[in-house]
Amino acid sequence: MGEFKVHRVRFFNYVPSGIRCVAYNNQSNRLAVSRTDGTVEIYNLSANYFQEKFFPGHESRATEALCWAEGQRLFSAGLNGEIMEYDLQALNIKYAMDAFGGPIWSMAASPSGSQLLVGCEDGSVKLFQITPDKIQFERNFDRQKSRILSLSWHPSGTHIAAGSIDYISVFDVKSGSAVHKMIVDRQYMGVSKRKCIVWGVAFLSDGTIISVDSAGKVQFWDSATGTLVKSHLIANADVQSIAVADQEDSFVVGTAEGTVFHFQLVPVTSNSSEKQWVRTKPFQHHTHDVRTVAHSPTALISGGTDTHLVFRPLMEKVEVKNYDAALRKITFPHRCLISCSKKRQLLLFQFAHHLELWRLGSTVATGKNGDTLPLSKNADHLLHLKTKGPENIICSCISPCGSWIAYSTVSRFFLYRLNYEHDNISLKRVSKMPAFLRSALQILFSEDSTKLFVASNQGALHIVQLSGGSFKHLHAFQPQSGTVEAMCLLAVSPDGNWLAASGTSAGVHVYNVKQLKLHCTVPAYNFPVTAMAIAPNTNNLVIAHSDQQVFEYSIPDKQYTDWSRTVQKQGFHHLWLQRDTPITHISFHPKRPMHILLHDAYMFCIIDKSLPLLFMDLLDERTLVAVERPLDDIIAQLPPPIKKKKFGT
Amino acid sequence: MVEEENIRVVRCGGSELNFRRAVFSADSKYIFCVSGDFVKVYSTVTEECVHILHGHRNLVTGIQLNPNNHLQLYSCSLDGTIKLWDYIDGILIKTFIVGCKLHALFTLAQAEDSVFVIVNKEKPVKLPKSSSQEVEAKELSFVLDYINQSPKCIAFGNEGVYVAAVREFYLSVYFFKKKTTSRFTLSSSRNKKHAKNNFTCVACHPTEDCIASGHMDGKIRLWRNFYDDKKYTYTCLHWHHDMVMDLAFSVTGTSLLSGGRESVLVEWRDATEKNKEFLPRLGATIEHISVSPAGDLFCTSHSDNKIIIIHRNLEASAVIQGLVKDRSIFTGLMIDPRTKALVLNGKPGHLQFYSLQSDKQLYNLDIIQQEYINDYGLIQIELTKAAFGCFGNWLATVEQRQEKETELELQMKLWMYNKKTQGFILNTKINMPHEDCITALCFCNAEKSEQPTLVTASKDGYFKVWILTDDSDIYKKAVGWTCDFVGSYHKYQATNCCFSEDGSLLAVSFEEIVTIWDSVTWELKCTFCQRAGKIRHLCFGRLTCSKYLLGATENGILCCWNLLSCALEWNAKLNVRVMEPDPNSENIAAISQSSVGSDLFVFKPSEPRPLYIQKGISREKVQWGVFVPRDVPESFTSEAYQWLNRSQFYFLTKSQSLLTFSTKSPEEKLTPTSKQLLAEESLPTTPFYFILGKHRQQQDEKLNETLENELVQLPLTENIPAISELLHTPAHVLPSAAFLCSMFVNSLLLSKETKSAKEIPEDVDMEEEKESEDSDEENDFTEKVQDTSNTGLGEDIIHQLSKSEEKELRKFRKIDYSWIAAL
């Protein structure tokens, strides 16, 4: 018999939602991604592509446009007609403002970053001034007949191009009047389609406008004369997105067939200065529509309905051919969606709008190493808990004893008490939550299930005492004065004495739960924390960072352990450092404190490489639970892609 | 009478036209292609061969137009020479001796004094040229190494700024100005996805810096920005499912042409994947694509030895078809009694009729009449046997397809010659004429036979006699073939059958036994058994030797039986591979196979001693042979060559080269009509032209006669060679007008006595020589006049001599004369 009994759980029917837009910020090297359920995620490309922040979605908010303005400020606009700004420190929405033009289809920040332009359903283009703490409506441009689907500023800020249905308009920003109207050909491979939707436009500094449309064309227009210069037919389906590099020497387009095409500005001959746009490489990393693309200085970024976020590095721009130069595909969120009750062998799965509670199956059979054991009792779906309201669940947790479930949305915090009577379960909501417990970024129960730790988005940490069916607020650790940074990771020691909390950038704070005071702060590291845990007995805090470094910090001694120092001196194995998915969970072997179990999205140490692993934990010293999610199952649940004839079939 | 030299084995046409890319002339009027040791010049309009440029002593491997004079053509060969031709007149202008085997040739307008060749050390070299007639080119400079020998893998781009070469997984680009090489590598076969990434061909855009490369997996990559090892970029075009065989850009570079095994010419417009045009059903794999410099024509060379000329709008306009050598030959070599054309397997499912005299395919006869699906591993219907009967009135063909041991599909078709349509028309189709493969097929070709008779022998142990019977019904009169008799002998497999010359006897061999049957009553007359192995070949003697029957066995014994005495006349130990009787004499040719090579024996059945033996005719196995009756009998007196008087023997080796025996030296043998045509060029050489040309000649002759009668020597401009040459020589090879003027006037002068005219200049010459030798330049003029007038009056001496050569010649002459004077 092997060392562990492994439960391979495959009944977590999690489907990430499709990607709608991406926006790349050159200053901070961060990428903002919005999904069809309204979730907005921030990826730090410098920190090993780690998803450091996320804003939960909302049913009524379909984000159609996302842009960075004035340096680090993030704006989004959607079909509910509102423009929103996100607070990247406190991780909440600063404000939402109605543009009064019907659903917003497009948004673009001016090259200087001080103005914001939105294109609306009613054909109006509205200019907003960005003030330090808000945005202010400035004026309307000439109203067009149909919805404005795409917008682009001329780099000088004097003109804009707006893509609509069947035509592209060029506006003069000063006067707000349309200078040119360029009609797009409806012909599609000789057949006249009903309408030609201009999905994207890009205005280059030399006055060229590049448009992509639903007839599969990429067209180059001269904005001075309003004439078509060149047309490339690249797809049999819609071309849905375009992004131009800052140097304007290359751009990328994404099609509904899942292909991403790269165009480059190439000299016609070596000894002439004449240059031409040439379609170069096609990339087929998606199975479904590529809804959005972005062009960072070194990579092409694409995302679409198939929920993958793909980073395709440009080989000629990469200086060193290390692991950064490899293709990256991000499918799963970099946080835990699963919690587990060790005592009752329960798993709590978190979905966007509901929670599922499952009891693991059990077996009486024994076998050799690598055997698949037959189940004597199948896994049970115990509970399906739907949230109220349109907001997505931010976080959830089940207590180790299995009798408490807590989850939170943006505006409400829920705590439930579970009662087990033989096979029946009864659920009772604990009412009258205190007013300060409105929303939580992270929830954690102590090992003995008597305490509940809640990291709220105001930066405070609350400790709640649970006893029987009631609760009592014990203490709140307020953030240090002046900082509003939200804590998003928590870890508690098994003996319940220590609580570690980490924010998005600053160091890890360790609190003494008994004395209710800050014990120490682990020195800040360059890369964000992806997972942490406190070891039993020794009370060593193990911290994993997004660059795959692992530190061990002794809480009682307030210093790094000898092991951590030697490891840092020797360095990790290069294969370990080259892994591109962050460690999302850490656990310990109860009998062997020397062993640390780590897992990321694809790997648990070295056991399983083939299937995406969402969660892994030890139930007891002999049993391991692993939750897997095969990619094929996700694809099977997506809408069917555009049918393409495959040669030889 | 022909002077008798040694009999030599010579290639007789049928050489590959598709060995290298064809080249268009600047005006697209002519197309040039290499053909064995020759370069052939075809008219693009009429498909006729206008000239054959001969002079190379080995395979011609490359041709290119002279970029500085588009009326000249360079060719290079494995014999280590580069020759410059005037292709309109078919004249060799210069020969450059390089000395090593040349595999391909490239010319560039920008590199005026040099051409590029690929030599065996796998390096293209530069070679400067001087202007004398025959020059040794020694100054070679290496440009690139580690390249492929095929010229498809080298391309010059952007007016000679760079050269691109591909090999395996590498693309190398050499920049002449910077003298640097960039090399780009594709991921190799270790990765399964890129297993067939190998480069197969390369082409360069005429105006932009863009290189197109073809690949094994059917992809075309367009490379740009290749000045930088890092910033280079490429894009893919993918339509071909199999290897891309060749690529070519149109003259303006707006479209790219590609072709491969799909037999479809693909035109990629603006180098975009979505914008492409096709010319499908070209018949066979496209091996090469070339584009005319004028841009109005394309041409594709195909694996079935065919060149298709295609208009810019992708319409095939002309087909130049050589001997199809694509596949294995089952039918053997036959002679169509009507056209005297060589008949053998051609395109899949077709019989080809190939004219040996004009080295040209006459036509294809579709036998199987089914769409040919070109796919690897598919078992096709094969045309296995064919025979002509009744002086070309009937043709019998057998086709079979055997997928498994037990599943045999067999069909015999009988075709009747239709005088109206001048072609064969299917008369009778017989499904499964035998239970097993048909091994032999022969018609009774006796003159007196009143009823066409066909005999088939099969492995199922039977031979069947088929006769033509009346098949008329109330609707129409018709004839058809039916089985008349089935014979067998102890269930042995029938392997061969053969009618005697008069048609009275039929010999059928059953494995080791030969049976003789009476063709009237179908009675078994007698049997011969030699116990010397299975009979491989069987034939009756002819004319005076018709009482003999010959059989060659697999154990290497050749037997001759006397039919009168029913006894073995003689036998000889000879491993006979091919045995063919000459239809015009008693001679029989046998080719034996040994480990060293093949030997030819010619003998008469009446005597066991061979008439003629030629050892080592070919290193490879000889597969088939045939006697072709001569139109005009030769008259060799020597006994050894007499067998070649009435017929010529052709044979086909395993590598499908068609060879024959000849006594003439190659220079003599090649007396095509080109030289006669030379004087009357300008007209395209069509069949009409031949008719009209002859007609005109006759008229001229008549005219001459009448003129001679009527007038006193009024010079006809047409008849004065000096004038006709002046008028018909291309302008660019003519000497200066000042020189021509006096010659022209001289020729118009009425010379009363030609003899005196001839003598006078000689006198002058001698006088001049006495005067002084310093005034060369003055003398030049007069002497040249004399020279040309001499040649004009004389028969045919080469008249286009450069000044330096003329001087040299004159010196020689002067030396001669002084020597005479001294005497």
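In every chain, residue numbers begin from 1 and rise along the written sequence. Going through the entries in the order they are written, you letter the chains from A and number the ligands from 1. Local features in this predicted model are restricted to residues of pLDDT 70 or higher, and side-chain atom pairs are both shown and tallied only at a pLDDT of 80 or more, whereas totals for entire chains, interfaces and linings draw on every residue. Water and hydrogen atoms play no part in the side-chain values, which are based on all heavy atoms of the structure.

Take the sheet that holds strand β31 (residues 328-330) of chain A next. All names here are of chain A. Pairing between two strands is assigned when DSSP locates at least 2 bridges connecting them. Comment: elements are numbered from the N terminus, with helices defined as DSSP H or I runs of at least four residues and strands as E runs of at least two. On the basis of which strands lie adjacent, the open sheet formed by 4 strands has the order β28-β29-β30-β31 and antiparallel pairing. With partners counted over all chains shown, the strands left at the sheet margins are β28 (290-295) and β31, one partner each. Strand after strand, the sheet turns through a mean of 15° between neighbouring axes, direction not considered. Examined bridge by bridge, β28 and strand β29 (residues 299-304) share 5 bridges and lie antiparallel to one another. Residue pairing in the sheet places His295 in a bridge with Leu300 of β29. Working convention: axes come from line fits to C-alpha atoms, limited for helices to the stretch in contact. Angles between N-to-C directions cover 0 to 180 degrees.

Further remarks concern a nonpolar patch on the surface. The patch calculation keeps residues exceeding 30% relative accessible area without a salt bridge and links them within 9 Å when they carry like charges or within 5 Å when they are nonpolar (Val, Leu, Ile, Met, Phe, Trp, Tyr). Computed with the Shrake-Rupley method and a 1.4 Å probe, the accessible areas treat only the protein chains shown as cover for residues. The rule for a salt bridge is simple: a side-chain nitrogen of Lys or Arg has to be within 4 Å of a carboxyl oxygen of Asp or Glu. On the surface, Phe744(B), Val745(B), Leu748(B) and Leu749(B) cluster together into a nonpolar patch covering about 340 Å² of accessible area. Considering the arrangement of structural elements, one finds Leu749(B) in the loop between α5 (737-748) and α6 (754-771).

What follows covers the nonpolar core. Leu74(A), Phe413(A), Leu415(A), Ile443(A), Phe445(A) and Leu452(A) are the most contacted members of the largest nonpolar core, which totals 33 residues. Tallying contributions element by element places strand β40 (residues 440-445) of chain A first for this core, with 4 residues. Here, nonpolar core refers to any group of buried Ala, Val, Leu, Ile, Met, Phe, Trp, Tyr and Cys residues whose side-chain atoms link them within 4.5 Å. The rule is simple: take the accessible area with a 1.4 Å probe, protein chains only, and divide by the maximum for that residue type; under 20% is buried, over 50% is exposed, in between is partly exposed.

Moving on, we come to the interface of chain B and chain A. Interface size, as often reported, equals the accessible area lost upon joining of the parts. With 19 residues of chain B in contact, the opposing surface of chain A contributes 22 residues. The interface formed by chain B and chain A includes 1 salt bridge. The salt bridge partner of Arg279(A) is Glu273(B), with a shortest N-O separation of 3.8 Å. Residues adjacent in sequence count toward polar contacts only when both atoms are side-chain atoms; beyond that, a polar contact is any pair of N or O atoms within 3.5 Å, and within protein one must be able to donate a hydrogen and the other to accept it. In this assembly, chain B and chain A are joined by 6 residue pairs in polar contact (both at pLDDT 80 or more). Tallying contributions element by element places strand β22 (residues 233-238) of chain B first for the side of chain B that touches chain A, with 5 residues. The nonpolar class holds Ala, Val, Leu, Ile, Met, Phe, Trp, Tyr, Cys and Pro. Asp, Glu, Lys and Arg form the charged class, and all remaining residues, Gly among them, are polar. Per-class residue counts for the side of chain B that touches chain A are 5 nonpolar, 7 polar and 7 charged. Any two residues having at least one pair of non-hydrogen atoms within 4.5 Å are treated as being in contact.

With that settled, consider the pairing of strand β20 (residues 198-203) of chain A. Residue and element names in this part refer to chain A. The buried fraction of β20 is high, at 5 of 6 residues. Where β20 meets strand β21 (residues 208-213), 5 bridges bridge the pair, whose relative direction is antiparallel. Counterpart to Val201 in the pairing with β21 is Ser211. The hairpin formed by β20 and β21 contains 4 residues between the paired strands, and Gly207 there has a positive phi angle of roughly 95°.

Looking now at the packing of aromatic side chains. In this scheme Phe, Tyr and Trp rings, the latter by its six-membered ring, pair at centre separations within 6.5 Å, and the angle between planes marks the pair as stacked below 30 degrees, edge-to-face above 60, and tilted otherwise. Scanning all chains against the criterion turns up 61 aromatic pairs over all chains. Between Phe11(A) and Phe349(A), the aromatic rings sit 5.9 Å apart at their centres with planes inclined by 55°, giving tilted as the arrangement. Residue Phe11(A) is found in the loop between β1 (5-9) and β2 (19-25), and its partner Phe349(A) is found in strand β33 (residues 346-350); the two are separated by 338 residues along the sequence. This pair shows no difference in class: Phe11(A) is buried, exactly as Phe349(A) is. Taken together, Phe11(A), Phe12(A), Tyr14(A), Phe349(A), Phe351(A) and Trp358(A) form an aromatic cluster joined through their ring pairs. To sit over a ring, a charge needs its Lys NZ or Arg CZ within 6 Å of the ring centre and within 35 degrees of the ring normal. For the cation-ring pair, Arg344(A) lies above Tyr420(A), with the distance from its terminal atom to the ring centre recorded as 3.9 Å. Taking NZ or CZ as reference, Arg183(B) lies 5.4 Å from the ring centre of Tyr170(B), over its face.

Next up on the list: the side chain of Ser292(B). All names here are of chain B. Following the sequence through the fold, Ser292 ends up in the loop between β27 (286-291) and β28 (297-302). Given a relative accessible area of 0%, Ser292 falls into the buried group. Among all residues touching Ser292, those that are not within four sequence positions of it are Phe24, Ser28, Val251 and Leu297.

A few words now on α5(B). Residues and elements named next belong to chain B. Expected span of a helix: the number of residues minus one, times 1.5 Å. For α5, with 12 residues, the first-to-last C-alpha span of 16 Å sits near the 16 Å given by 1.5 Å per residue. Of the positions making up α5, those classed as buried are Phe739, Leu740, Ser742, Met743 and Ser747. Buried residues of α5, viewed axially, fall in a sector of 165°; they line one side. Turned more than 90 degrees off the buried face of α5, the exposed positions are Ala737 and Ala738. Note that the arc is defined by the directions from the helix axis to the C-beta atoms.

Quick look at the pairing of strand β15 (residues 154-157) of chain B now. Residue and element names in this part refer to chain B. Burial along β15 is two-sided: the residues Ile154 and Phe156 and Ala155 and Gly157 are all buried. Bridge analysis of β15 against strand β16 (residues 162-167) gives 4 bridges, and the strand direction is antiparallel. The residue of β16 that forms the bridge with Ala155 is Ala164. Linking β15 back to β16 in an antiparallel pair, the connection comprises 4 residues, with Asn158 at a positive phi of about 45°.

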